[in-house]
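Structure assessment
What follows is each chain in one-letter form.
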Amino acid sequence: MKKKIITGSKLWSVAMITAMVTACSAPAATSSTANAAVSTTGTTKTVSVSEQTSVKYADLVTMDADDTNVSWSATDSTTIKLNGTTASITGSGAKAANGSVTISAAGTYVLSGKLTDGQIVVNVADKGTVHLVLNGATINDNDSAAIYIQKAGKAIITLEEGTENAVSDGKTYVYADATTDEPDAAIFSKADLTFNGTGKLTVTGNYNEGITSKDDLKIVSGTINVKSADDGIKGKDMVAIQAGTITINSEGDGIKSTNDTDTTKGFVAIAGGTFNIQSGSDGIQAETALVTDGGTFDIVTGGGSANAPEKVEEGPFGGGGGGWGGGTPPTDMGTPPDGEPPADMPNNNGTNAAPSSSTNATAPADSNADADTSTTAAEEETTSAKALKAGADLTVNGGTYTIDSMDDSLHSNNNVTVNDGKFSIESGDDGIHADQALTINGGTITIAKSYEGLEGAIITMNDGNVDVTASDDGVNASGEITATDANATTTADDSTQAADTDTTAVSNTSVTETTGTTSTTDQANQSTDANSNTRPQGGAPGGMPGESASNSELHINGGSLTVNAGGDGLDSNGSIYMTDGTVIVNGPTDSGNGALDYDGNFEISGGYLVSAGSSGMAQATSEASTQNTIAMTFPETQKAGALVHVEDSEGNNILTFAPAKDYQTVVVSSPDLKKDGSYVIYSGGSSTGKAVDGLYTDGTYSGGTKVVAFQSTSNVTWVNESGVTTANTGMGGPGGGRGQGGFGGGRNRTQSGTSGTTDTAK
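Everything numeric here is computed off the predicted structure, so don't read it as measured data.

1. Some thoughts on the overall build of the protein
Counting its regular elements, the protein contains 4 helices and 62 strands. For the protein, buried positions account for 58% of its 762 residues. By sequence separation, contacts in the protein at least 24 residues apart represent 62% of the contacts at least 6 residues apart. Looking at the protein as shown, the accessible area adds up to about 27,200 Å², and 46% of this sits on carbon and sulfur atoms.

Pasting the structure below:
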């Protein structure tokens, strides 16, 4: 629940190094066992990820007959009737004394009535199965656990149909001696513990936790409400939930598993159910894997995204959000004169063109740190308040999720895989974060609020509908895929193995995706290009002088991705590959970030891409692409909602788009663009079609002002109002480590005219 973050005198140096090495402020992702890697053969790119990415509930959890047994009869069970501080018992195996009931034999025990200050203790020497049926029982213990499973092979608690039951403890516990700290929950079990039945159970953990099992904890069914001073529901080896309605209000984590010594245990697996969780810390936390197959989840952590600490990332090169702090860049940096950078744009030596209002750099507090660091002058603790959090892999196979989290909404220290599901996310930090691989194979994901929307070392989108709003980067492929285990192998081409130091690990399961002609060799060569400043014209040179691209990558192979970002729209510290799908990017309005931002290549071989944003850091796709691209820089900033329309010489629609924010550069790549085609660009006007995320795919465009007519000269054609021009070049600006780009052509007069073309779906 707690993590230490770096503060003090050394952080300024760390921020300096980070800004010079990466395109964002996120640290390199590391893992003791590498779980993602990339390799290339010909035109097929293989992204290798952990085998956990395809795991389902049934792969991890088995329910036996005892787990699902809810039947009992009066003749075959022992009846325990609670009455104040006493209990009457009919049958064998249990004994009442001093206000408590001790069960010492396997069997079925049916509890009813009210125990105001006493304890139900299960202590079965032969470790048989004890079946407790709560048949309208209220149990409270003022100074210890109300139900204490001290010893048993397994304990089953059945919530009898139509009954309401309650279990609670006091705010202080009395232990035998100072070395004893268990039990510490209203319901506490040292054995496997299962809940079933269709009744209702209310658990109040006033001392610490609500429900705890030191072994497996399973919930088959029932309505369970938990209010706790710390964690709500906790299992050590597993928490497995098959169904039920679960409501948790906890000061600590909502649901968690804790086994950190056995990688096959410590997981949380959910098949379905209805969950309403309000937690002070993480909503659902797994020490290892977290798997959800379905269910309805409403999760609020840490008071919600509105309670997130302000992002302050200052320093000579800024950081996330372009170095503006607070996670929200300025709305406009204005339009500079021809060839002149803004006064606050960094020069090639990393200093500002004009003096800053402050001469002293302030060391930021790294609120994104997820691990302890030994390089601090001082340490402070901050709360982890993520909604879904996994120490290993996080896999979502379905379900409906409404999340308002102070911290990341979905987070894994390893890989995140979304196969399906519907998400409505508001996050105070990342919408979805993976230290290693983030893969989206389907689902509908709406991230209405975030600092960064999607983040991972390797991000792959194969299908689904994703809509991201971020105050900093919309999609950020950052960090390094590292390998430290004996099974790690390099994936470089044989011809470059000696030179390529990017040693990435191949794990058990591979996801293969067609990405055009790309390779690890290409990335190594791209690093050389960066050193010699001879990168392809298609994308302006990214990063600091001498910087090489990292092995982080963004892959888009299908689906629909819409981004509205205050920082970079699509950001990769390495390369971007797009083979299919539709991508719409509404990028930054300040010139310290770009709608597209990458350090390696952006190779597009299929799909439809449109991005709009400021011009100072603008990049297009790379010359290595097999699909053609047009990048248009307007002579001045265009207002949000003003249409930009591109058509070919025959009047066929290539693009009709209404950017959501002010913009000066628009990049479009379409299968309909030809390398030697003739095109006309219009500004303003209207369309009779229906826009989806600002993109019109039908209707008729008319009434616009003709900006420029031109013939494309290569597969990436840069144009301004004067015609074909060259790409932005120069050194990176604040935030993404990008180059200080050009600002378009001169201020020539535009031509007036109208166009009447029919838009067709692209």
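So much for the structure itself; the text now carries on.
2. What about the nonpolar core?
Judged by nonpolar contacts, the single largest core of 100 residues is most densely connected at Leu-132, Ile-187, Phe-195, Ile-211, Ile-284, Leu-410 and Leu-570. Discounting residues that sit within four places of it in the chain, Ile-284 has contacts with Ile-255, Val-268, Ile-270, Ile-277, Leu-290, Phe-297, Ile-299, Ala-387, Leu-388 and Lys-389. Among the nonpolar cores identified, the runner-up in size contains 23 residues, and Ile-584, Ala-612, Val-707 and Val-719 belong to it.

3. Some words on unusual backbone geometry
The amide bond that connects Glu-182 to the next residue, Pro-183, takes the cis arrangement and shows omega of 0°. Structurally, Pro-183 can be placed in the loop between strand E13 (164-169) and strand E14 (185-189). Positive phi is not limited to glycine here, since Asn-98 has a value of about 55°. In this model, Asp-693 sits at a positive phi of 55°, which is unusual for a non-glycine residue. The topology assignment puts Asp-693 in the loop between strand E56 (691-692) and strand E57 (695-696). On the accessibility criterion, Asp-693 (37% relative accessible area) is partly exposed.

4. Observations concerning the pattern of salt bridges
Scanning the entire structure with this criterion turns up 10 salt bridges. A salt bridge links Asp-67 to Lys-218, with the nearest nitrogen and oxygen atoms 3.1 Å apart. Within this pair, whereas Asp-67 is found in helix H3 (residues 65-68), its partner Lys-218 is found in strand E18 (residues 216-219), the two being separated by 151 residues in sequence. Grouping residues by exposure puts Asp-67 and Lys-218 together as buried. The salt bridge partner of Asp-407 is Lys-386, with a shortest N-O separation of 2.9 Å. Remark: Lys-386 occurs in the loop between strand E29 (378-383) and strand E30 (388-390) and Asp-407 occurs in the loop between strand E32 (400-405) and strand E33 (410-412); sequence separation between them is 21 residues. Assessed through its relative accessible area of 6%, Asp-407 is described here as buried.

5. As for the environment of Gly-84
Secondary-structure assignment places Gly-84 in strand E4 (residues 78-84). In the structure, Gly-84 is positioned 56 residues away from Asn-140 in sequence and 9.8 Å away in space, judged by C-alpha atoms.

6. Structural notes on the side chain of Ser-221
Mapping Ser-221 onto the fold places it in the loop between E18 and strand E19 (223-228). Within polar-contact distance, the side chain of Ser-221 engages the backbone oxygen of Gly-197 at 2.8 Å. Apart from the residues lying within four places of it in its own chain, the contact partners of Ser-221 are Phe-195, Asn-196, Gly-197, Ala-243 and Gly-244.

7. Brief notes about the pairing of strand E40 (residues 458-461)
Residue alternation in E40 divides its side chains into two sets, Ile-458 and Thr-460 and Ile-459 and Met-461, and both sets are buried. Two elements, strand E37 (residues 437-440) and E40, share 4 bridges in a ladder whose sense is parallel. Note on E40: the bridge partner recorded for Ile-440 is Met-461. As defined by bridge partners, E40 adjoins strand E44 (residues 553-565) across 4 bridges and the pair is classed as parallel. Looking across to E44, one finds that Thr-460 is bridged to His-555.

8. A word on the environment of Ile-211
With respect to the helices, strands and loops of the structure, Ile-211 is situated in strand E17 (residues 209-213). Along the backbone, Ile-211 and Ile-233 are 22 residues apart, and their C-alpha atoms lie at a distance of 4.8 Å. Once residues within four sequence positions are removed from consideration, Ile-211 is found in contact with Ala-185, Ile-187, Leu-193, Phe-195, Val-203, Leu-217, Ile-224, Val-226, Gly-232, Ile-233 and Lys-234.

9. Regarding the pairing of strand E52 (residues 653-657)
With 5 of its 5 residues buried, E52 lies for the most part within the structure. Across 4 bridges, strand E51 (residues 644-648) lies against E52 in antiparallel orientation. Its bridge partner lying in E52, His-645 is registered against Thr-656. Taking the residues that link successive antiparallel strands as the turn, the E51-E52 hairpin has 4 residues, and the phi of Gly-651 there is positive, at about 85°.

10. Re the packing of aromatic side chains
Overall, the coordinates contain 11 aromatic pairs when judged by the stated rule. Centroid distance Tyr-148 to Phe-188: 5.8 Å. Interplanar angle 65°. Geometry classified as edge-to-face. Of this pair, Tyr-148 sits in strand E11 (residues 147-151) while Phe-188 sits in strand E14, placing them 40 residues apart in sequence. For Tyr-148, a relative accessible area of 8% translates into the label buried. The class for Phe-188 is buried, based on a relative accessible area of 1%. Where Tyr-401 meets Phe-423, the ring centres are 4.6 Å apart and the plane angle is 5°; that geometry is what we call stacked. Residue Tyr-401 is located in strand E32, and its partner Phe-423 is located in strand E35 (residues 422-427); the two are separated by 22 residues in the primary sequence. Taking relative accessible area as the criterion, Phe-423 reaches 1% and is therefore assigned buried. An aromatic cluster of at least three residues, connected via ring pairs, comprises Phe-275, Phe-297, Tyr-401 and Phe-423.

What counts, and where the lines are drawn
Residues numbered from 1 in each chain as written. Predicted model: local features only at pLDDT ≥ 70, side-chain atom pairs only at ≥ 80, totals over all residues. Heavy atoms only, no water. Helix = DSSP H or I, 4+ residues; strand = E, 2+ residues; numbered from the N terminus. Buried < 20%, exposed > 50% of the residue type's maximum accessible area, 1.4 Å probe, protein only. Contact = heavy atoms within 4.5 Å. Areas by Shrake-Rupley, 256 points an atom, 1.4 Å probe, with all protein chains shown as cover. Core = buried A, V, L, I, M, F, W, Y, C linked by side-chain atoms within 4.5 Å. Salt bridge = Lys/Arg side-chain N within 4 Å of Asp/Glu carboxyl O. Polar contact = N/O pair within 3.5 Å; in protein donor to acceptor, adjacent residues only side chain to side chain. Pairing = 2+ DSSP bridges. Phe/Tyr/Trp six-rings, centres within 6.5 Å; stacked < 30°, edge-to-face > 60°.

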